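The residues making up each chain are set out below.
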Amino acid sequence: MQWKHSIDLINVHCQGEIGKVIVGGAPEIPGATLLDKMIHINTVDDSLRRFVTLEPRASVQMSVNLLVAPTRPDADAGFIVLQADRAHPMSGSNCICVVTALLETGRVPMVEPETLVRLDTPAGLIVVRAKCANGRCESVSLDNVPAFAEALDVKIATPRWGEIRADIAFGGVYYAIVDVDQVGMELTARNARNLAAAGIELQAASRQQIRVRHPELPGIDEISYVMFRQRESADIVRTCTTLLPGRVDRSPCGTGSSANLAVMHARGEVKVGDVQRSRSIIGGEFLAEVLGETTVGGRSAILPRITGQAWIYGTETLRVDPADSFARGFALSDVWGPYVD
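Rules used throughout
- Residues numbered from 1 in each chain as written.
- Predicted model: local features only at pLDDT ≥ 70, side-chain atom pairs only at ≥ 80, totals over all residues.
- Heavy atoms only, no water.
- Phe/Tyr/Trp six-rings, centres within 6.5 Å; stacked < 30°, edge-to-face > 60°.
- Helix = DSSP H or I, 4+ residues; strand = E, 2+ residues; numbered from the N terminus.
- Buried < 20%, exposed > 50% of the residue type's maximum accessible area, 1.4 Å probe, protein only.
- Lys NZ or Arg CZ within 6 Å of the ring centre and 35° of its normal.
- Pairing = 2+ DSSP bridges.
- Right-handed = clockwise from strand over helix to strand, strands pointing away.
- Salt bridge = Lys/Arg side-chain N within 4 Å of Asp/Glu carboxyl O.
- Disulfide = S-S within 2.5 Å.

S.K.: Explain the packing of aromatic side chains residue by residue, including any values.
M.R.: Under the criterion given, the structure shown has 5 aromatic pairs. Pairing Phe148 with Phe170 gives two aromatic rings, centres 5.4 Å apart and planes at 20°, and the pair type is stacked. One end of the pair, Phe148, is in strand β9 (residues 148-158); the other, Phe170, is in strand β10 (residues 162-170), with 22 residues separating them in the sequence. The burial state of Phe148 is the same as that of Phe170; both residues are buried. Taken together, a centroid distance of 5.5 Å and an interplanar angle of 45° make the contact between Tyr175 and Tyr225 tilted. With Tyr175 in strand β11 (residues 174-179) and Tyr225 in strand β12 (residues 223-233), this residue pair connects regions lying 50 residues apart in the sequence. Per residue, the accessibility class of Tyr175 equals that of Tyr225, and both read buried. Members of the aromatic cluster, each reached through a chain of ring pairs, are Phe148, Phe170 and Tyr174. Stacked on the ring of Phe51, the Lys or Arg Arg57 has its end atom at 4.0 Å from the ring centre.

Below, the structure written as structure tokens:
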């Protein structure tokens, strides 16, 4: 078969959350920085995102990471997270997928027992330490961008649950973090569909009622996700991040765990050096550590470290055919729910 143009991907999952990595064939995205490139995808041309994240080539429960050359001299590679609704500036599980793909395919040389990888993202530089043995990336510890609590116990009016209280925090993207008992559920796999619906409803309400704007990163100015949390012990929290168009994160969510860690620090519940265990609704785990304290735009922030593991499970090649009637992709409500396009 002769293909004029194709896109090559490495299939990876992190604790069950699929984060495919585009390693070849993608068009050049304009922009001087990764943030510029992300904004270009979201506001000018989203054809690549739609092609790789929507049907008939994709499914709802996945992300695709666009691997690009770094725009800063201190980085080894760069990536942008592509999801069903838009491109996002950072994701912990996707970062772990990207590092695993880079090292296990030799695109970044693997050094055992530890490889240092620096990644350019729209949210900033991510420094990663990967534990490696026998050609495998056994775990990834990423030093995330500074995380901070924007506001605590913010009231959100809802028609279904009345007044909901949420903590608004940034951990690479903005989150509304909600104690799950306020919506009358527990964080279990059997509740995934109802949790997804509740999260999307709360996200819509939070976007209408709460304004956010990152003090140093223009264009990062909306609440991307609602994350439900449920405390299991003093050092274990179960999390469930909900994503458009209506699904739940299979992983414990690295940026969400960073944001929640910033909330706990703001409340005086953790200090520098403390480690929390974030657990997903299917039992996957990340470690979330407070490395230090800093400031972002004059507000108190923490330096979080997230540790987890990913696995490569295959490779994929997508054919780009200009005659394809569905090159823009589509999403139907029988699978995707009330997709907001």
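Picking up where we left off.
S.K.: Explain the pairing of β9 residue by residue, including any values.
M.R.: Looking at chain direction, β9 and β10 are connected through 8 bridges and run antiparallel. The partner of Ala149 across the bridge, within β10, is Ala169. Counted between consecutive antiparallel strands, the loop separating β9 from β10 contains 3 residues.

S.K.: Residues and numbers for unusual backbone geometry, please.
M.R.: Here the amide bond leading from Glu112 into Pro113 is cis, since omega sits at 10°, within 30 degrees of zero. When you line up the elements, Pro113 lands in the loop between α3 (92-104) and β6 (114-121). With an omega of 10°, the peptide bond between Leu244 and Pro245 qualifies as cis. Within the secondary structure, Pro245 sits in the loop between β13 (236-243) and β14 (247-248). Its identity as a non-glycine residue notwithstanding, Asn134 has a phi of 55°, on the positive side. With respect to the element layout, Asn134 can be found in the loop between β7 (124-133) and β8 (136-143). Of note, Asp153 is a non-glycine position whose phi angle comes to about 55°, a positive value.

S.K.: An account of the pairing of β12 is needed here, citing residue identities and associated values.
M.R.: Relative to β12, β11 runs parallel, the two sharing 6 bridges. Bridge pairing in β12 places Val178 opposite Phe228. Since β11 and β12 lie parallel, the crossover through helix α4 (residues 192-209) that links them has a hand, and here it is right-handed. One ladder, built from 7 bridges, connects β12 with β13; its direction is antiparallel. Bridge pairing links Val226 to Thr242 in β13. Here β12 folds back onto β13 in antiparallel fashion, the turn holding 2 residues.

S.K.: Give me the lowdown on the pattern of salt bridges, citing residues and values where you can.
M.R.: The final tally for this structure, using the stated rule, is 26 salt bridges. Among the ionic pairs, Arg165 bridges to Glu163, the shortest N-O distance being 4.0 Å. Taking relative accessible area as the criterion, Arg165 reaches 36% and is therefore assigned partly exposed. Take Glu163: its relative accessible area is 47%, and that puts it in the partly exposed class. Arg319 is the salt-bridge partner of Asp321, the closest N and O atoms lying 3.6 Å from each other.

S.K.: Describe the state of the cysteines, naming the residues involved and giving the relevant values.
M.R.: Going through the model one piece at a time under the given rule, you end up with 0 disulfides. With no disulfide of its own, Cys95 has Cys97 as its nearest cysteine by sulfur position, at a separation of 9.3 Å. Using a relative accessible area of 0% as the deciding quantity, one classes Cys95 as buried. Left without a disulfide partner, Cys240 is nearest to the cysteine sulfur of Cys253, which lies 9.5 Å away. Classification of Cys240 as buried rests on a relative accessible area of 0%.

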